[in-house]
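The primary structure of each chain is shown beneath.
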Amino acid sequence: MSNFTVRAAGPADLDRVTAIYADAVANGTASYELEPPGRSEMEARFDALIAAGFPYLVADDAGAVLGYAYAGAFRARPAYRFIVEDSVYVAPEAKGRGVGMALMRELIEAVRALGFRQIVAVIGDGSPDSASVRLHEKLGFSHCGTLTGSGYKHGRWLDTVFMQLALNGGNGPPPDPDSLPERRFREARA
């Protein structure tokens, strides 16, 4: 394992983020996109997440981006405001070096600090031996559903697995009025 660091992503990282995602789309089954989006589309997605206050992280090894992770809204309807969906992608040459684990640990803490109550992983090709399923299990996520045969990519049907991790008391205590989701909700209603 190398001595990489996890830090907030910036616009200068987007060329590499775009390349990592393009490989995942073209060669993997984690994403159900069939055509890799270009740099401008990835920048628009990045800008929207940052503008909404969501965390977007990269693993950096002496200036080389090895992977990235971010959280975004699970669904647009306001009752879902306490749930985020995570995404994590690792460059092919960096797999097996703990990059995904480091990114996800930092992402979970960032999401917790913002006051969200649940993180949901929506995992394409959610077979039990999937690296993403195993990663999320190690981080304490529990299985909460499967959509069988929900995607067709690379000549085969894929299952989508939903996994969930409760934060900040989960569905126990009432919402924290100072949390990011509550502040955004009040601002939207003002």
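### Comments concerning the environment of Met101
Examined against the element boundaries, Met101 turns out to sit in helix α3 (residues 99-114). On the basis of relative accessible area, Met101 is assigned to the buried category, the value being 17%. Taking C-alpha positions, Met101 is 18 Å from Phe162, a pair spaced 61 residues apart along the chain. Those residues in contact with Met101 that sit more than four places away from it in its chain are Leu135, Lys138 and Leu139.

### Thoughts on the pattern of salt bridges
One pass over the structure, following the stated rule, counts 11 salt bridges. Between Asp15 and Arg39 there is a salt bridge; the shortest N-O distance is 2.7 Å. With Asp15 in helix α1 (residues 14-27) and Arg39 in helix α2 (residues 39-51), the pair connects residues that are 24 residues apart, well separated along the chain. The class for Arg39 is partly exposed, based on a relative accessible area of 30%. A salt bridge links Arg81 to Glu182; the shortest N-O distance between them is 2.6 Å. Pair noted here: Arg81 is in the loop between β3 (64-73) and β4 (83-90) and Glu182 is in helix α5 (residues 180-189), with a separation of 101 residues, a long-range link. According to the relative accessible area criterion, Arg81 is partly exposed, its value standing at 21%.

### Section: the pairing of strand β5 (residues 118-124)
The buried fraction of β5 is high, at six of seven residues. Bridging between β4 and β5 involves four bridges; their strand directions are parallel. For Glu85, the partnering residue across the bridge sits in β5 and is Val120. Once you follow β4 into α3 and on to β5, the crossover reads as right-handed. Here seven bridges tie β5 to strand β7 (residues 156-166), and the two strands are oriented antiparallel to one another. Residue Gly124 lies in a different strand from β7, and its bridge partner there is Thr160.

About the thresholds
- Residues numbered from 1 in each chain as written.
- Predicted model: local features only at pLDDT ≥ 70, side-chain atom pairs only at ≥ 80, totals over all residues.
- Heavy atoms only, no water.
- Helix = DSSP H or I, 4+ residues; strand = E, 2+ residues; numbered from the N terminus.
- Buried < 20%, exposed > 50% of the residue type's maximum accessible area, 1.4 Å probe, protein only.
- Contact = heavy atoms within 4.5 Å.
- Salt bridge = Lys/Arg side-chain N within 4 Å of Asp/Glu carboxyl O.
- Pairing = 2+ DSSP bridges.
- Right-handed = clockwise from strand over helix to strand, strands pointing away.

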